[in-house]
Each structure stands twice: as structure tokens, then as C-alpha cells.
Amino acid sequence: EDKIREKKLGQRILFTVDGTDRLNGEDAHKFFIEDAHQLTQIDSIFIYCAPIHLLHTSGSNLNANFNHPFRVPMIKVRDKDNQPLEENYELMRQLTYKRVPEYLFASADVLDKLICYSGGHPRDLFRLLNLSINYVEDDLIDDEAADKAIKEVATDYRRTITKDQYQLLVEIDRNPDTPEPFTNESSRDMLYDLVLLEYNNYFWKSHPTIETLPGYQ
């Protein structure tokens, strides 16, 4: 920090600790709850990326241990009634074009399909994009390649879902304004696994690829 000030590049260093949001339940509890004092005693500015299930765990005391816990929501490409939000679709399109040239898509509708089934989760959008490229046969990402990618992602998520969780997902989707009654260990696990997505204005929706599975239907 002294060298930063000497060069007039700023006053303080901001540290972002990423990846800790993927800790399993026991390790996350030790890191953010049991040993929180070790993290908060460091004399600097830190942003820790914590697993979302800790925000829904009673007695976690995240609000008491850390200044201003902030939920990072999905990009809201749809509202709670599943209506597309064009402004945010455009944001996701521009995000995509920073990685892949626009001419690689057979049509604009193909990209919009991938955006739709990403649920507004950038990491899953790029995952769908990479899988689509693997399925390309004629140099362009077309509907067939996109559909195969969506099916593969849905199959991956299917491995993490139990029979009872399908029913819970349907109930949450039917009551997007009032997710609180469904806040339990199972819903926390689904938020952690990204089977269930959280959006700002605090509503939850199933990951769109899940809705293609027979168990959900």
C-alpha cells in the first residue's frame, strides 16, 4: 500500500477472494462461521464469495460477522411470470459477442435460445455455448446444436435432483412471490447446485433446463 500511494495509484488494496462459494457445507461453515473472526481481523478490505446456502441457514450470523452481505443474483432475462426482458437479453448478447463472433450463429434466435436456457447465469451461458460449438456440423451454431447442448446441461443437472425436489421446484415456480415457505435444507441445496436460481426483487425460479426434464413436467 505504501508503494501504491508513492506512485499515486490509489489509497487501499481491495482483495477479492473468489472460489470459496464452491466450498462444501462443512468447510464453508468452518471458514465463514466458526473461523469468521480470523477473516474479519485482517486489516484490509476484502470481498469474500460465500456459498448462497449460508444466507438461508439459521444461526449462520453472516450479517453479524461481516459488513453488508450482498446477494449476487442471476441476470434477470425473464420476470417471475416467465416473460422475457429484452434489455437484459441484449446485455447477454453483448456479453456473448465478446467471446464469440456474431457470424457464428445461424440466426439471432439461436443465441436467444441459449440465453433463455441459461436462466441469466453467465457461466451456464458459456457452458451452453461451448457445448453447442462441439455439436456444430456445418460451421454455424444452429438450432440442432443448441438443442443438444441444452439437453446435455439438463442431464447434468438431473443427476443432482431427487424425486421430492421436482415437486418442490414446481411449487416454487407456482409461487415465485413467496419463496419463504419453501426455505428448507432441500431448497438451500438446490440454490447451491444452481438447480434453483435467485433473482433480484427476491424471487426464485427453476433453472430453465430443468423444466425440460420428464420429472419436472
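Here the residue numbering is sequential within each chain, running from 1 through the sequence in written order. Two thresholds apply to this predicted model, a pLDDT of at least 70 for residue-level local features and 80 or more for giving and counting side-chain atom pairs, whereas whole-chain, interface and lining totals are computed over all residues. As a rule here, side-chain values come from all non-hydrogen atoms in the structure, and water together with hydrogens is ignored.

Things to note about helix H6 (residues 108-118)
Heads up, the rule is: Here's how the labels work: a residue is buried when its accessible area is under 20% of the maximum for its type, exposed when over 50%, partly exposed in between, all with a 1.4 Å probe on protein chains only. Each helix is a run of H or I in the DSSP string that is no shorter than four residues. Each strand is a run of E no shorter than two, and both are numbered from the N terminus. Here a residue-residue contact requires only that any non-hydrogen atoms of the pair lie within 4.5 Å.
Buried within H6 we find Val110, Leu111, Asp112, Leu114, Ile115 and Ser118. Elements in contact with the buried residues of H6: helix H5 (86-97), helix H7 (122-135), helix H8 (143-158) and strand E3 (196-199). After H6 finishes, the residue Gly119 shows a positive phi value of roughly 70°.

Considerations on the packing of H5 against H7
Note the cut-off: For every element, the axis is a line fit to its C-alpha atoms; helices are fit only across the contacting stretch, and the angle between N-to-C directions ranges from 0 to 180 degrees. Throughout, the term roughly parallel applies to angles under 35 degrees, roughly antiparallel to angles over 145, roughly perpendicular to angles from 65 to 115, and oblique to all others. Two helices cross in a left-handed way if the nearer one is turned anticlockwise from the farther one by less than a right angle. They cross in a right-handed way if the turn is clockwise. Throughout this entry, Asp, Glu, Lys and Arg are counted as charged residues, while Ala, Val, Leu, Ile, Met, Phe, Trp, Tyr, Cys and Pro are counted as nonpolar. The remaining residues, Gly among them, count as polar.
Between H5 and H7, the least distance of the axes is 11 Å, while the angle of their chain directions is 55°. Between H5 and H7, the crossing angle belongs to the class labelled oblique. Note that H5 runs across H7; the crossing there is right-handed. For the pair H5 and H7, contact is made by Met92, Leu95 and Thr96 and by Pro122, Leu125, Phe126 and Leu129, respectively. Partitioning the contact of H5 with H7 into residue classes produces six nonpolar, one polar and no charged.

Digging into the pattern of salt bridges
Oppositely charged side chains may form a pair once their charged atoms are brought near each other. For clarity, the threshold we go by: Salt bridges are identified by distance alone: a Lys or Arg side-chain nitrogen within 4 Å of an Asp or Glu carboxyl oxygen.
Inspection of the entire model under this criterion finds 13 salt bridges. As a salt-bridge pair, Glu211 and Arg78 come within 3.5 Å of each other at their nearest N and O atoms. With Glu211 in the segment after strand E4 (203-206) and Arg78 in the loop between helix H4 (62-65) and H5, the pair connects residues that are 133 residues apart, well separated along the chain. Exposure remark for Glu211: the relative accessible area of 23% places this residue in the partly exposed category.

Some thoughts on the environment of Arg158
Mapped onto the elements of the fold, Arg158 is located in helix H8. Under the relative-accessibility criterion, Arg158 is labelled partly exposed at 46%. For the pair Arg158 and Thr209, spaced 51 residues apart in sequence, the C-alpha separation works out to 9.4 Å. Residue contacts for Arg158: discarding those within four places in its chain leaves Tyr166 and Leu213.

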